[in-house]
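Close look at the chain arrangement
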Amino acid sequence: MMTRKQYDLRDGQLSVLHFGDMSKPLELVFLHANGFNAQSYRRILSELDVHAVAFDMRGHGQSRDMPQNLRMKNWHVFRDDCVEFFDHYAGDMTDGLITLAGHSFGAVSGILAAPHLKGRLAGYVGFDPVSVPMMFRLTSALPGGRAYMKRRVPIARNAGRRKSVFESPEAAFERYQGRGAFRGVPDEVLKDYIAGGLIERADGHWELACRPDWEQTIFVAQWHNLFKAARSLPKNSKIIYAGGRPPVSTKGTRAAVQTAQPEGEVVFHATLGHLFPLQDPDMATRILLENLGRK
């Protein structure tokens, strides 16, 4: 079962998908990767058989009309959206603690939220959180640094050039199937991404809900400190880093995350790609179930 609801935040409406029986206590909050949307993870979350929610993060999916600052330097706005949801809504949905999980930039947003959610988290799962070295982070804060990164960092440069308008959802599926970031992603998952990530326009064409310039802005806005925030993660935490080409972490940044929360588990799988939760949703479901205390 999948149900969409809108939640008023300080400056707009956050669109949230509920999975499972909504009459049961909320057990999991999930935050997606940059450029994706909540529905992209339907295959993972619907198999948990628990009440879980996934946000369409600000500027993505059905939350596309929330304000988007194209000059932002960090991901604090996504942290704040998560914390506000917990403060105003999550408490009414459960009588216990909640597990927080995410993928890529969503995983980082969850870590950044952790210091503000002390005593409210049962666990944390991070699928390949973007963990870059200090020089990369510092460049985000320097005058002209983000503009430079948009030109020189391949993933950001490519995001800004992304084709954003299609004749139909079917045309988008044909363009993405088995290519680029979607290589190895099951067709079922790709269809979920398209269903949650395309908006029909007045002229009959379809466009990406996440604007290319917003996706690009997120990639280069790295002036936040997940290493400090990771100190506040609950003991029941697991972070799975992937190899990828290029990887979104280094040996040093992974070690720094482990040092920040020594009672949590940090693992590195060089053979996994950055989109491994979408490429192998069954594995992602198993990892989440283990953290939730279910086998």
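Note: the structure precedes this text.
Position numbers for residues start from 1 in each chain and track the written sequence from start to end. Since the coordinates come from a predicted model, pLDDT governs what is reported: local features require at least 70, and pairs of side-chain atoms require 80 or more to be given and counted, while whole-chain, interface and lining totals use all residues. Where side-chain values are given, they derive from all heavy atoms of the structure, hydrogens and water being excluded.

Describing the sheet that holds strand S1 (residues 2-9)
Pairing between strands is defined by DSSP: at least two bridges between them are needed. Helix and strand labels come from DSSP, where a helix needs a run of H or I of at least four residues and a strand needs a run of E of at least two; each type is numbered from the N terminus. Pairing is mixed in the open sheet, where eight strands are placed in the order S1-S2-S4-S3-S5-S6-S10-S11. The two strands at the open ends of the sheet, each matched to only one other strand, are S1 and strand S11 (265-269). The mean angle between the axes of side-by-side strands here comes to 20°, regardless of whether they run parallel or antiparallel. Relative to strand S5 (residues 98-103), strand S3 (residues 26-31) is paired through four bridges, and the arrangement is parallel. Its bridge partner being in S5, Val29 is matched across the sheet by Leu100. When checking whether two residues touch, look at their non-hydrogen atoms; a contact exists if any pair is within 4.5 Å. Where helices are involved, their axes are fitted lines through C-alpha atoms of the stretch in contact, as for all axes, and angles between N-to-C directions lie from 0 to 180°. Sheet strands in contact with helix H2 (residues 76-93) are S1, strand S2 (12-19), S3, strand S4 (51-56), S5 and strand S6 (121-127), and its direction is about 115° off that of S1.

Let's talk about the packing of aromatic side chains
Aromatic contacts are taken between Phe, Tyr and Trp rings whose centres are within 6.5 Å, Trp giving its six-membered ring; a plane angle under 30 degrees counts as stacked, one over 60 as edge-to-face, and the others as tilted. Tallying each qualifying case throughout the model produces 15 aromatic pairs. Ring geometry for Phe182 against Tyr193: centres 5.0 Å apart, planes inclined by 50°, an arrangement best described as tilted. Here Phe182, found in the loop between helix H7 (169-176) and helix H8 (187-197), pairs with Tyr193, found in helix H8; they are 11 residues apart in sequence, far enough to count as distant. Judged by its relative accessible area of 7%, Phe182 is buried. Under the scheme applied here, a residue whose accessible area is under 20% of the maximum for its type counts as buried, over 50% as exposed, and between as partly exposed, the area being computed with a 1.4 Å probe on protein chains only. The class for Tyr193 is buried, based on a relative accessible area of 8%.

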